[in-house]
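Observations on chain architecture
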Amino acid sequence: MGIIENKDKDMEKQVRVRFAPSPTGPLHIGGVRTALYNYLFAKKHNGQFILRIEDTDQGRLVSGAEEYIIETFDWLGIKFDEGIREGGSFAPYRQSDRKSIYKDYAMQLVEKGWAYYAFDTPEELEAIRKTYELEKKNFQYDNLTRTQMRNSISLNQTQVKELLDKETPYVIRFKFPENTEIKLHDMIRKEVVMNTNILDDKVLYKSDGMPTYHLANVVDDHLMQITHVIRGEEWLPSCPLHVMLYKAFGWENTMPQFAHLPLLLKPDGNGKLSKRDGDRLGFPVFPLQWEDPKTQEISSGYRESGYLPKAVINFLALLGWNPGGEKELFKIEELIDLFSMERISKGGAKFDLEKAKWFNHQYIQMEQNQTLAKELLKVLAEKNLNFPMEYVEKVVGQIKERCNFTNDFWDQSYFFFIAPNNYDEKVVKKHWKAETPTYLEQITQLLNSNTYSTTEEIDHLLHDYIKDNDLNMGNIMNTLRLVLVGKSMGPSISEIIFVIGKEETLGRIGNAIKHINI
RNA sequence: GCCCCGUUCGUCUAGUUGGCCUAGGACGCAAGAUUUUCAUUCUUGAAAUCAGGGGUUCGAAUCCCCUACGGGGUACCA
């Protein structure tokens, strides 16, 4: 029994990692995390972070998916050093544009005896799988079965040549050696051993002239001088094949290090986080909103839901990795500085909406009012409301502490922009008394006959009025709030009065007296 | 079925060389305080016999074995 393993290599060479999504739909948030870890690792080691598009399955391409990927990282502020847009010395970075290079590599393997032609049609394979299933067995195209199939191992040279000459469709399969232990060193899981007997002869090169992921990925990683392959755990079972491929090509000495990340799981129940979970449980599974080009079905996105990119990055970074210690809020520079593969957890992590909310809340508090105001300005524009930046900034400063998302801004601040058009009945019932209009008129006079230039002055004015007339503080203040806001919410009354101005305040008081009847 | 990878409060996790762990933090939850409202904030609290069972050891969440459970893979998909 032979033993093949990937050895530890020195970390001296320039670190180059790649994020290699397949443009088959919107990028999943788990994919974003994979990209983030790649990015953090690359930057930590002053290396390069590369975007490579793996579009070898032409049948599953979804239009707009590639643009979606680019837009996602633009939004997050994560930059690629090389990629389909950035270019680079290893271009092209889209596998369909590299189509011509793969066949030679596949042929190399055939010539060296590491791979073979297989002429079995998909229908034939399906039929044989069904037969096996009837006997409750699992068909595997491997060293035991390949001699019974139609391929360049079972057929003689003349037959093969004939089939090839007739342009019979074929695939190229990897020829796994018999009963060989493949040891692979994973940076997160340490040693993983698999025997080739349970591995099947994977297709490397498809009948449509495209390579499969396995071939393309290894060839490109080699050609692009990738030093570390950081990807999801779903790739772990096929990693032995990749290791064998490096060996077969004679690239063992430059084989990258592997790191397989734990998966992101559903918050409830089990299984990995899927597209459906998001809308079912009320949180986005995608970074950006996505409209399916075929079904027009819309899936919500973090951006559209009012998450801040920095918060998403921080939250995602900690979902499966932890620097130790008790700090939880990290700037991207700190994440880069602290990041280490050894501190990535092995078990899958469940997505926690509440924690995500908390992170976003924290980031909203830390963010500049001017930046946040831009978000609110967008909403105002949609409603045809024109307010100067300085005003909106002031408003945001007042309400941001009660917002988890930028999408909460309007609901928490509308009364700074428009007068209430209805009054919460419960509040009316509780606080509006027969004598209320009288008090409100007195307050009108109070504000009219005084000048003020700070919130505190308004505070004093109101408090003194209440004290001097021996009135109930709660009642007066809540009534005033009802009049100005329409319901029981918002920042302090004096603050609202100060920001909207005397004229508007008096107008709203007058309005309420006119419209609220008991 | 077979193969691989996992398993510390409800959730994310600290715990990395076995003793400072009567297992720490955060989110969430509960109670209280602050407050003119809604929030925020603050304080306190409940919450994991470290999946279970065997070992090894003076001593194990930490090492070994078994079992259970969870996840992933098993395509001419990535």
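This one's a predicted model, so the numbers in the text were calculated from it and none came from an experiment.

1. Regarding helix α9 (residues 309–317)
An α-helix turns once every 3.6 residues. As a result, residues three or four positions apart point the same way. Burial analysis of α9 places seven of its nine residues in the buried class, the great majority of the element. Among all positions in α9, only A311, V312, I313, N314, F315, L316 and A317 are buried. Summarising the contacts, the buried residues of α9 are in contact with α1 (29–44), α2 (65–76), α10 (332–338) and α11 (353–366).

2. Some thoughts on the side chain of D120
Within the secondary structure layout, D120 lies in the loop between β4 (115–118) and α4 (122–134). The charged side chain of D120 is buried without a salt bridge, its nearest counter-charge being R173 at 4.9 Å. Polar contacts involving the side chain of D120 include one to the side chain of Y141, which spans 2.5 Å. Looking at D120, its side chain comes within polar contact range of the main-chain nitrogen of R150, at 2.8 Å. Not counting chain neighbours up to four residues away, the residues in contact with D120 comprise L125, Y141, M149 and R150.

3. Points about the protein's contact with RNA strand B
For RNA strand B, the set of nearby residues contains 61 residues, the closest of which are R189, E328, R343, R402 and S488. Per the 4 Å cut-off to the protein, sugar and phosphate atoms form 69% of the nearby atoms of RNA strand B. Here a sugar or linking oxygen of RNA strand B and a side-chain polar atom of R189 are 2.5 Å apart. Within the residue set of the surface near RNA strand B, elements represented by two or more residues are α4, β5 (171–174), β7 (190–195), β14 (349–350), α11 and α18 (473–485).

4. Some points on the sheet that holds strand β8 (residues 203–205)
Strand order across the open sheet formed by three strands is β4-β5-β8, with antiparallel pairing between neighbours. One side of each edge strand has no neighbouring strand; the edge strands of this open sheet are β4 and β8. Between one strand axis and the next, the sheet turns through 45° on average, direction left out of account. Pairing between β5 and β8: two bridges, direction antiparallel. Across the sheet, the residue bridging to R173 is V203, located in β8.

5. Some words on unusual backbone geometry
Comment: phi is negative for the bulk of residues other than glycine, and the bulk of peptide bonds are trans. Residues A91 and P92 are joined by a peptide bond in cis, for which omega reads 0°. Mapped onto the fold, P92 is located in the loop between α2 and α3 (99–112). At Q296, a residue that is not glycine, the phi angle is positive and equals roughly 65°. Position of Q296 relative to the elements: it lies in the loop between β12 (290–291) and β13 (298–299).

6. A short note on the pattern of salt bridges
Here the structure, examined in full by the defined rule, presents 32 salt bridges. When the shortest N-O distance is used, the salt bridge between R52 and E54 registers 2.8 Å. Judged by its relative accessible area of 0%, R52 is buried. Residue E66 pairs with R94 through a salt bridge whose shortest N-O separation is 2.6 Å. Taken together, the positions of E66 in helix α2 and R94 in the loop between α2 and α3 put the pair 28 residues apart, joining distant regions of the chain. E66 sits in the buried class, given a relative accessible area of 17%. Counted as one network, the salt bridges with shared partners bring together R18, R52, E54, R98, D220 and D221.

7. Concerning the domain arrangement of chain A
Partitioning chain A into domains gives domain 1 (3–88 + 216–264), domain 2 (99–205), domain 3 (275–365), domain 4 (368–404) and domain 5 (425–515). Each of domain 3 and domain 5 has a C-alpha centre, and the two are 42 Å apart.

Criteria and cut-off values
- Residues numbered from 1 in each chain as written.
- Chains lettered and ligands numbered in written order.
- Predicted model: local features only at pLDDT ≥ 70, side-chain atom pairs only at ≥ 80, totals over all residues.
- Heavy atoms only, no water.
- Buried < 20%, exposed > 50% of the residue type's maximum accessible area, 1.4 Å probe, protein only.
- Helix = DSSP H or I, 4+ residues; strand = E, 2+ residues; numbered from the N terminus.
- Contact = heavy atoms within 4.5 Å.
- Lys, Arg positive; Asp, Glu negative; His and termini not counted.
- Salt bridge = Lys/Arg side-chain N within 4 Å of Asp/Glu carboxyl O.
- Polar contact = N/O pair within 3.5 Å; in protein donor to acceptor, adjacent residues only side chain to side chain.
- Near = heavy atom within 4 Å.
- Pairing = 2+ DSSP bridges.
- Axes fitted to C-alpha atoms, helices over the stretch in contact; angles between N-to-C directions.
- Domains from an automatic or database assignment.

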